[in-house]
Amino acid sequence: YLYGGILRAFVLLWINTMPSFAALQLASPILTAISELGYNTPTPVQTQAIPEILAGKDVLAGAQTGTGKTAAFALPLLTRLLESPRAQNKRPSALILAPTRELADQVATSIQRYAANSELTTLAVYGGVSQNPQTEALGQGVDILVATPGRLLDLLNQKALELSAVRWLILDEADRMLDLGFKEELIRLLKQLPKDRQTLFFSATFPKSVKDLAYSMLKQPVEIAVAADNAPIDSIEQVVYNMDNNKKRAALAWLIGSGNWQQVLVFVRTKQQADDLANELKKDGIKCNSLHGDKSQGARTRALDDFKAGKVRALIATDVAARGIDILELPWVVNYELPFQAEDYVHRIGRTGRAGNSGKAISFVSRKEEYLLADIETLIKRVLPTQWLVGFEPNFDEPDGGENHGRNLRKQRQKAKKKAKAQATYGIKKSR
């Protein structure tokens, strides 16, 4: 009893010393809204970023997916908007740039929820859908505009929008914007924005290209890092299954069926592979769908909504299309094929284990992909546990084995790097 009483006392002391949203001096309508949403305690990135943003400082934040970064910039932004006079002529006061349609829509939806008890308005504009409703909504006025770079430039070129009233600029997932080839668009957009503004720069990773862009935009920024660069979230259990390529489809179907998985996000490299794998899984009796850039925005939205609602058990996605998927309790992520860029592995597995929830990331790795696994382990600074899946063990009698295996891996590495560079330059279709 004595030990139990001491333990309870320590727990109560710890709870009482934890930071609260009220202590961060957010506006009352915002505090009410997040309380109604069930938000009780700010995450580390929110605790660090919100006071600096409220103080009017530029912020350079390194935050992994699932750490609460949207609220980290949205809550103080809404507070500052409520404390400031609204822009004249119904022009946007805040501009948020996102790399993909899904992420833009997700960010706008979150902000609308946080601003539910205010009169502040938010609009998302992106390509793949008719521009007319977006133009009409802009004509009615908006306080916060969330946009992909391509569609935003279209609207500016058509004189359907001007950015002279923008006082806050936020770049969300800036590393992905550069990966998709939006650097020139970003430079063009910056020239049309007022220089007297507050800029917030959020990125999961900070390669040299991202750092160069950040410091060209920011004024004496406060730097915030809630985790080491490219470190996967600790709540995610990661495992590697060595197997031959021709056994992957059957292994995935067996895992979904035998484990009674009701919600699994599966990553592949190409759009064709996403469609092919979805069709094969349907033949196995597994309800699934594919998600990639060649699908219309309506089809992408339906696929994502059905997945979130549990109408399909598996969603087969490419890296670009899956950016912006936000499912709080997604239990499983499967890397059916490892990505050519090691950083994409971090983004992939970050779809699970969000907001402190646990998750599991499984990777199928053939011998031809071992060099990709080595790159990932170098990036995340850890060796991933490797197993054989019973019944799907690799066949070492195949030609890839033997004394030439290391030489073959080096050739594959060189080939993959060239392919990845070509994709970054020419092969990735921009989300507009």
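These notes cover the structure that comes with them. Numbers given to residues run from 1 along each chain, matching the order in which its sequence is written. Per-residue local features are limited, in this predicted model, to residues with pLDDT of at least 70; the limit for side-chain atom pairs, both in listing and counting, is 80 or more; totals at the level of whole chains, interfaces and linings are taken over all residues. Values shown for side chains rest on all heavy atoms present in the structure; no hydrogens or waters enter the calculation.

1. Concerning the sheet that holds strand E14 (residues 386-387)
Counted only if it meets this: Note: two strands are recorded as paired if DSSP finds a minimum of 2 bridges between them. Each helix corresponds to a stretch of at least 4 residues labelled H or I by DSSP, and each strand to a stretch of at least 2 residues labelled E; elements are numbered beginning at the N terminus.
As summarised here, the arrangement of the seven strands in space is E10-E11-E9-E12-E13-E8-E14, forming an open sheet in which the pairing is parallel. What marks the edges here is a single partner per strand, and that holds for strand E10 (288-291) and E14. Of the pairings in the sheet, the one linking strand E8 (residues 236-242) to strand E13 (residues 359-365) comprises seven bridges and is parallel in character. Bridge assignment links Tyr241 to a residue of E13, and that residue is Phe364.

2. Description of the packing of aromatic side chains
Quick reminder of the rule: Each Phe, Tyr or Trp ring (for Trp, its six-membered ring) is paired with any other whose centre lies within 6.5 Å, and the angle between the two planes then decides the class: stacked below 30 degrees, edge-to-face above 60, tilted in between. Note on geometry: a ring has a charge over it if NZ (lysine) or CZ (arginine) is within 6 Å of the ring centre and within 35 degrees of the ring normal.
A full pass over the atoms with the stated rule returns five aromatic pairs. Summarising the aromatic geometry, the rings of Trp261 and Trp332 are spaced 4.0 Å apart at their centres and angled 20° between planes, so their arrangement reads as stacked. Highlighted residues: Trp261 in the loop between helix H11 (248-258) and strand E9 (264-267) and Trp332 in strand E12 (residues 332-335), separated in sequence by 71 residues. Against the face of Tyr336 rests Lys248, its NZ or CZ located 5.9 Å from the ring centre. For the cation-ring pair, Arg269 lies above Phe340, with the distance from its terminal atom to the ring centre recorded as 4.6 Å.

3. Examining the environment of Arg167
Rules: Here the term buried applies to any residue with accessible area under 20% of the maximum for its type, exposed to any over 50%, and partly exposed to those in between, with areas from a 1.4 Å probe on protein chains only.
When you line up the elements, Arg167 lands in the loop between helix H7 (149-157) and strand E5 (168-171). Judged by relative accessible area, Arg167 falls into the partly exposed class, the value being 25%. Sequence-wise, Arg167 and Asp196 are 29 residues apart; in three dimensions their C-alpha atoms are separated by 7.0 Å.

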